Each structure stands twice: as C-alpha cells, then as structure tokens.
Amino acid sequence: MTTVPTTDRVALVRAIATQHLAERGPLMPVLHEVMEELGHIAREDVEAIAHVLNLSVAEVHGVVSFYADFRADPPPAHTVALCRGEACQSVGAEALYADTHGRAADLGAPGDRVEVAEVFCLGNCALGPSGTVDGRLHGRLSRERLDALTEGWR
Amino acid sequence: MALTGLAGRVFVPGDAAAVSVGADEVAAAFEAAGAQVVRNGSRGMLWLEPLVEVETDAGRVGFANAEPDDATTIVTGSRDGTTSLLDQRGCIGVVDEHPWLTKQQRVSFARVGIVDPASVADYEAHGGWAGLRRALTMTPADVVQEVTDSGLRGRGGAGFPAGIKWKTVLGAESDLKFVACNFDEGDSGTFADRMVVEGDPFTLIEGMTIAAHAVGASEGYVYVRSEYPHAVAALRRAVDAAYTHGYLGRDILGSGLDFDLHVRVGAGAYICGEESSMLESLEGRRGEVRAKPPIPALKGLWGRPTAVNNVLTLCAVPMILADGGQAYAALGTGRSRGTQVFQLAGNVKQGGIVELPFGVSLRELVGEYGGGTLSGRPVRAAQVGGPLGAYVPATGFDVPMDYEALAESGAMLGHGGIVVFDETVDMAKMARFAMEFCSIESCGKCTPCRVGSTRGVETIDRIIAGQNVQLNLVLLDDLCETMTKGSLCAMGGLTPMPVQSAIKHFPEDFQQREAALT
C-alpha cells in the first residue's frame, strides 16, 4: 500500500465526509469509505471526520473502536479470516484456525505481514469450514486448500 | 426422455455459497464456451453447488458440483446433439423434479434460484409486484389487517406478530416514520436472509414498500452485515433498478406513495442484529443496546416511529398481499402460521434451505432432508436457533418445529438455523464457546452480559480442568440465572440457553472431567 502524505490524506478524508453530509447518520458510511480508500482510519482521519460531521473526536473514536471492521493501523499485506462459528466448528474449524494462526508467518513472503483473523459467521454454514482469503469467500477449507489459495503470496 | 441441444440459457448461481466453491470460475468457463449465462440465486441444495442448470425443452436440467472443465462438454456436446445431456457427469435431471425440492413448500423462497436477480422484468414475470399493486389500492389500515390475519410473526427470532407491530407504527402520530429491515444475519447456521436477497432481492424491496404504505413511512433503511458483500451488491443493484422502473422514489406506480430506500452496511458487530443496537448503528453510533421502553415502533430511528422487521418477515409480505392473509394462515400449526425457512448447516450431508409449514419435526429435517452427518458418524446434537439457541440431543428430535412446541421443550426457533454435530462433539467446549462468544460480542452496556460472560468462560474452564466440578456447576447455574434475568437484551439473556441445555442433556461431558482426574 502506498503511503498517502498526511495533508493529502486529511483533504481526502474531509472530502469523503463532506460528500455524506446530507445523509441521515452519515458516520458509518463515511468510515467505510475511508477504510476502502485508505485501508485504515488514522488518528488524523478521526479528527477530520469529527470536524466535518460536527461530532466530538471521542464519539468518532468510540465508533471506530467498537466495530471489528474498522482498523486504526495500516492493514497487513494479506489477510485470512476463518469462521469460528458453531456450524464451522462442527466440521473442524477450531483446529483449522489454530493451525493457520500458528503458521501465519509462513503463509506470506519473507517480510510480508499475514494476518489470520477470526470471524463469526460468513453465512456459508452448510459448506464449512468457511473463510476469506484476501476478502474472497471460500468454503470447505482445509490446510491443503489454504496452502493452494495462498501460494501466490510466497 | 431424450434431451439434446441447448434450448436457451445456462444458469450458474452467483450466490455466495456457490461462489465459495468455484461458481465464478464455472460461469466464466461457460461464457467462454459460448453459452448465455445467467447468474441466478441458489436453489438451496448447497451440497450440490456449483449447481449449473441448462435450459432445455423439458425444463432446466441440473449438473451438480460442476467444474470449469464441464462447460465445453456440456455446451458443445449437446449443441452437436452427439451426447444426451442426461448422460453428462453430475447430471441430476430436471431440477424442478428433484425430490428435495418437490417435498418442500416454498413461499418466501418461491423465486430463489429460478429468476434472474438482476432483472425487474423477470421478477414481474414470476408474480412480482402483485402484492404491492394490490396493497396500493387498499387503505394502510386494511393492509395492516391483512398482515394481522395472516398470522405472520417476526422471523428474526422473537416471533412478535408483525401486524400488531405495524398497527402500533401506523397509529403513532409523526410527520416522519421509518421502515428498517434487520439484515444483520449474524447467527451461525443461518443464511436464509442472505440467500433470499442474493437470489430474489426485489421481494425484499416490495415487502418494504408495502410496509411503508401500511405504516405511513417515507424512508426505509436496510442494515446489511458487512460479511455479506455479495448480498450488498445484489441489493444495491436491485434498488437502483427499482428506482429506474418506478417501484421506489416519488409517486410509486402513480399511487401517490413516496418511499426512499437506503442500504447501509454494518461493520462486524454481532450485537447489531439486536434491533435497538441496529438502530444505534444506523444513526452512526456504537452498537449499544437501548433500554426499552420506549419501543422502536414509537421511538425508533432518530426518535421517530419505526417498523423494524427481519428480512424473512418482510419477504413473506408480498405473497400475503398478493394471495390474501388467509392463504398464508392456512399453512402451519397452532399460533405458528405460514411457512418457516429452515437452514440445515454444520456437520450435515445435505445442507441448505428447507421451506416448509411450521410443525415439521427436527428428526425429519436432519434425517430425511439433511441425510445425517457429513462425516458419516451418528448425529449427537443439533443447535437450533443460532448461538443463543439450545442444544437438542438426537433423542429429542421428535419435537415439532414451531414457536410454542420448541419453547415448551426448553429450546427456541430463533431464525430457523439448525446446526448438526456428530458424536465427536465436546459439549463442555461448546458451552464454553457460547460464553466466549458472548464475551467477545457483548456491547458492554449491561453488567450481567459484559462481566457474566467472562466469568462464565472462567467457570467452564475450571469444570473442563476437573476442578471442583459440582461446586462450579452450581456457580455456573447461578451465573446463568443472573444473566437470564438481569441482561438488557437477548445477547446476555439467552447465552445461558446453549450452556444450560448442554449441561442438562449431556451431563457426562461435564461430569466425566472430574472422574477422569480423580
């Protein structure tokens, strides 16, 4: 991910927030769009959003920190999110999660950070274990299948 | 039956479950082979996905677990007339004649998997908009009465009569009212909301527009969980098309009704499936539960009267208005009227969507439709109604699936999800997970849920470690009672249900820990 200079970044965030000003309850759509454009919501973004939407910095920070999808730090190079819901557990998701979590570093190229995250239900409960690999949904996952899906990372 | 030659289109589901096992690659292969591909929803026979259907003069012929390599053989082979489609790998015959489907009674899922979810015209050709057209000729009070007569109850889990909720909103004085659809389908083992929206999104739009007319709302919000990107895309595409064709916006179908519909996306918080948390999130705040009263029907979104309904509740409405409330009420049993969309999930051989009138037994669902476990081992338990639902032992599977019968047996229907476990399941670990899940997903507003869940994990850990098992079981029971009675919402209030049902029905998984150590 390319690093956006702070001044440009704040200008972009302000522009995003301004675009949503006319909507009712614009904060969540604004945060989603900042995530999409910039990969994370930095401290200066929070201040800019609060200013444009006429909210307190504490309120925006509170929302950012409440939801699992919003991250305050830059994202890793790659993400594997594995479902730990009951349906996926019934077909071995806990072991798969533990195994994958334990070898996260080996999934990517040297120096690339790979995040193995837990998620609770992707709505693919009849074809578990389910998970996403860099955001793409996969069913019937196994160690071998994950190896194949992440092969290009190494 | 001799089938040769492609009569028309090839259907490759764009449903997320089908895509998760390769449907996109299959669709691309069929397009490359020269077929006209429609990305339909899934028929709900998920173990057969990707299930490709080829339009023929005898109906749509299905090919189960299709792979990209099958495309050329099916398209060119059958065009040349050299091979019969029925002899191709994976052929399951005419899909509409598949016994798994013919035994069902699909009302809410009538069009899912059949229509092109991107086409307004296809929706109309399959009976769409008939309910809205009729509703718009009726007074709001008459529409509410029709829904009341149907006996429709909230499909999100609480089972509250939809007509009574709508009547409250209709009767509330306000210059601004809202309709809000709860599409935060976070329960593990449930995917019906996702599938109906991905496969037949106009039904939800029609249901919400009818609701708007019935309660006097001018704006609607759909709150979709972020884990459902395919559904978000399908719904946004359908909303745009509905605006273009005059089914949303100003003066809908010349009736004078104005209704704007917005799609909003959650951000990974299970608690936002609780209606007041969802309203908080829609307003742009942390998804913390609101104390009731006031009820959302009187003070909901931005303090205005709001009809909050689940996706499946709203998707039952078009049919109720098209065919009349009595037709819907004729299905079902007792005070559970109409059909329920059951979802078979977990360690099950044939997982997917089973829509039937209320009253079918859990045994029939798991055994006959589900075909037992995927692993082939005996079924030990099923969790019914999501992470807050009870674990039912295989010996208790004769329970009829309706709101009252399940409640009487100490379980609940919830959103209709059924997660099957085989004999290898460790019920103490599942009980621990219920508490762990609650501790991760609690909004933190009330103490019984926020602190109780963490204490619950610790107590079950001690039981699993064989420490003072009897005393810790008493402590756990006491903790469960505090959570049940003292929590603000169903998150803390129902987390004890899986925990206590596991202890009740599978005591050996808790007691043997002690025996093993002493």
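Residues numbered from 1 in each chain as written. Chains lettered and ligands numbered in written order. Predicted model: local features only at pLDDT ≥ 70, side-chain atom pairs only at ≥ 80, totals over all residues. Heavy atoms only, no water.

Tell me about the overall build of chain A, and name the residues and values.
In terms of helices and strands, chain A carries 8 helices and 4 strands. For chain A, the succession of helices and strands along the chain, N to C, is α-α-α-α-β-α-α-α-β-β-β-α. In terms of its C-alpha atoms, chain A occupies a principal-axis envelope of roughly 50 × 35 × 20 Å. Out of the 154 residues belonging to chain A, those deemed buried represent 53%. Restricting the contact set of chain A to residue pairs at least 6 apart, pairs at least 24 apart contribute 61%. Summed over all atoms, the accessible surface of chain A reaches about 6,900 Å², with 52% contributed by carbon and sulfur. For chain A, the centre of its 13 positive side-chain charges and the centre of its 22 negative side-chain charges are spaced 3 Å apart. (Helix = DSSP H or I, 4+ residues; strand = E, 2+ residues; numbered from the N terminus. Buried < 20%, exposed > 50% of the residue type's maximum accessible area, 1.4 Å probe, protein only. Contact = heavy atoms within 4.5 Å. Areas by Shrake-Rupley, 256 points an atom, 1.4 Å probe, with all protein chains shown as cover. Lys, Arg positive; Asp, Glu negative; His and termini not counted. Charge placed at Lys NZ, Arg CZ, Asp CG, Glu CD.)

Please provide a residue-by-residue account of the side chain of Asp-200 of chain B, values included.
Residues and elements named next belong to chain B. Mapped onto the elements of the fold, Asp-200 is located in the loop between α9 (192-199) and α10 (201-215). A residue is classified by how much of its surface remains accessible, and Asp-200, at 2% relative accessible area, is buried. Each residue touching Asp-200, except ones within four places of it in the same chain, is listed here: Arg-111, Val-112, Val-115, Pro-117, Tyr-123 and Met-195.

An account of the environment of Leu-46 of chain B is needed here, citing residue identities and associated values.
Here Leu-46 of chain B shows up in the loop between β2 (37-38) and β3 (52-56). As a C-alpha pair, Leu-46 of chain B and Ala-64 of chain B span 18 residues in sequence and 9.8 Å in three-dimensional space. Excluding its chain neighbours within four sequence positions, the residues that come into contact with Leu-46 of chain B are Ala-126 and Leu-127 of chain A together with Ala-17, Phe-191, Met-195, Gly-351 and Gly-352 of chain B.

Give a detailed account of the domain arrangement of chain B, specifying residues and quantitative values.
Residue and element names in this part refer to chain B. Split into domains, chain B comes out as domain 1 (10-98), domain 2 (120-329), domain 3 (338-420) and domain 4 (427-517). Between domain 1 and domain 3, the C-alpha centre-to-centre distance is 30 Å. Contacts between the two partners involve 4 residues from domain 1 and, on the opposite side, 5 residues from domain 3. Carbon and sulfur atoms make up 59% of the surface buried where domain 1 meets domain 3, a total of about 330 Å² over both sides. Of all residues in domain 1, Gly-44, Leu-46 and Trp-47 bury the most surface against domain 3, accounting for 97% of the area lost on that side. Taken together, the links from domain 1 to domain 3 amount to 2 residue pairs in polar contact (both at pLDDT 80 or more). Grouping the amino acids of the side of domain 1 that touches domain 3 by side-chain chemistry returns 3 nonpolar, 1 polar and no charged. (Domains from an automatic or database assignment. Buried area = accessible area lost by both parts, 1.4 Å probe. Polar contact = N/O pair within 3.5 Å; in protein donor to acceptor, adjacent residues only side chain to side chain. Nonpolar A, V, L, I, M, F, W, Y, C, P; charged D, E, K, R; others polar.)

Please provide a residue-by-residue account of the packing of aromatic side chains, values included.
Counting across every chain of the model gives 18 aromatic pairs over all chains. With centroids separated by 5.8 Å and ring planes inclined at 70°, the aromatic side chains of Tyr-67 of chain A and Phe-70 of chain A adopt a geometry described as edge-to-face. Note on Phe-70 of chain A: relative accessible area 6%, which makes it buried. Measuring from centroid to centroid gives 5.6 Å for Tyr-221 of chain B and Trp-302 of chain B, while their planes differ by 55°, and the two rings are tilted. Pair noted here: Tyr-221 of chain B is in strand β7 (residues 219-224) and Trp-302 of chain B is in the loop between α12 (275-282) and β9 (306-310), with a separation of 81 residues, a long-range link. (Phe/Tyr/Trp six-rings, centres within 6.5 Å; stacked < 30°, edge-to-face > 60°.)

Give a detailed account of the packing of helix α1 (residues 6-19) of chain A against helix α2 (residues 27-38) of chain A, specifying residues and quantitative values.
Residues and elements named next belong to chain A. Packing of α1 against α2 brings their axes to within 9 Å, and their N-to-C directions diverge by 145°. Judged by the twist between their axes, the crossing of α1 over α2 is right-handed. The residues of α2 that touch α1, namely those facing Arg-9, Leu-12, Val-13, Ile-16, Ala-17 and Gln-19, are Val-30, Glu-33, Val-34, Glu-37 and Leu-38. Taken together, the residues that form the contact of α1 with α2 break down as 7 nonpolar, 1 polar and 3 charged. (Axes fitted to C-alpha atoms, helices over the stretch in contact; angles between N-to-C directions. Left-handed = near helix turned anticlockwise from the far one by under 90°.)

Summarise the sheet that holds strand β1 (residues 10-11) of chain B; cite the residues concerned and give the values.
Residue and element names in this part refer to chain B. Strand order in this open sheet of 5 strands is β2-β1-β3-β4-β5, and the pairing throughout is mixed. The sheet is open, and its two edges are formed by β2 and β5 (91-94), each paired on a single side. Summarising the sheet, strand β4 (residues 59-63) and β5 pair through 3 bridges and their orientation is antiparallel. Its bridge partner being in β5, Val-61 is matched across the sheet by Val-94. (Pairing = 2+ DSSP bridges.)

How would you explain the pairing of β7 of chain B if you had to name every residue and give the values?
Residue and element names in this part refer to chain B. Burial analysis of β7 places 6 of its 6 residues in the buried class, the great majority of the element. Taking every second residue as pointing to the same face, both faces of β7 are buried, with Glu-219, Tyr-221 and Tyr-223 on one and Gly-220, Val-222 and Val-224 on the other. Relative to β7, strand β6 (residues 178-183) is paired through 6 bridges, and the arrangement is parallel. Within β7, the position partnered with Asn-182 by the bridge is Tyr-223.

Please give an account of the nonpolar core that cites residues and values.
Grouped together as the largest cluster of nonpolar side chains are 183 residues, with contacts concentrated most on Tyr-67 of chain A together with Trp-166, Leu-204, Ile-205, Leu-365, Met-401 and Ile-418 of chain B. Other than its neighbours up to four places away in sequence, Met-401 of chain B contacts Phe-342, Phe-358, Gly-359, Val-360, Ser-361, Leu-362, Leu-365, Val-384, Leu-406, Leu-413 and Ile-418 of chain B. Ranked by size, the runner-up nonpolar core spans 22 residues in total, among them Val-12, Val-26, Ala-33 and Phe-63 of chain B. (Core = buried A, V, L, I, M, F, W, Y, C linked by side-chain atoms within 4.5 Å.)

With reference to specific residues and values, describe the pattern of salt bridges.
Tallied over the entire structure, the rule returns 44 salt bridges over all chains. For Asp-24 of chain B, the salt bridge goes to Arg-136 of chain A, with nearest N and O atoms at 3.7 Å. Taken as a pair, Asp-24 of chain B in helix α2 (residues 23-32) and Arg-136 of chain A in strand β4 (residues 136-138) lie in two separate chains rather than in one. A relative accessible area of 31% places Asp-24 of chain B in the partly exposed class. Between Arg-380 of chain B and Glu-508 of chain B there is a salt bridge, with the nearest N and O atoms lying 3.1 Å from each other. On the criterion of sequence distance, the pair formed by Arg-380 of chain B in strand β14 (residues 379-384) and Glu-508 of chain B in helix α22 (residues 508-517) is long-range, its members being 128 residues apart. Residues participating in the shared-partner salt-bridge network are Arg-84, Glu-94 and Glu-118 of chain A together with Arg-432, Glu-436 and Asp-461 of chain B. (Salt bridge = Lys/Arg side-chain N within 4 Å of Asp/Glu carboxyl O.)

Please set out the interface of chain A and chain B residue by residue, giving values where relevant.
Across the contact, 38 residues belong to chain A and 62 residues belong to chain B. Here chain A meets chain B over a buried area of about 3,600 Å², counting both sides, of which 56% is carbon and sulfur. Broken down residue by residue, the surface that chain A buries against chain B is led by Arg-24, Phe-66 and Glu-86 of chain A, which jointly contribute 21%. At the surface where chain A touches chain B, the tally comes to 5 salt bridges. In this assembly, chain A and chain B are joined by 24 residue pairs in polar contact (both at pLDDT 80 or more). Of all the elements in the fold, those that place two or more residues in the side of chain A that touches chain B are α2, α4 (57-66), α5 (86-89), β2 (114-119) and β4 of chain A. Tallied by class, the residues present in the side of chain A that touches chain B amount to 18 nonpolar, 11 polar and 9 charged.

Which residues make up the side chain of Ser-188 of chain B, and what values do they have?
Within the secondary structure, Ser-188 of chain B is located in the loop between β6 and α9. For Ser-188 of chain B, a relative accessible area of 5% translates into the label buried. In this structure Ser-188 of chain B touches Gly-85, Glu-86, Ala-87, Cys-121 and Cys-125 of chain A together with Gly-386, Pro-387 and Val-419 of chain B, once residues within four positions along its chain are discounted.

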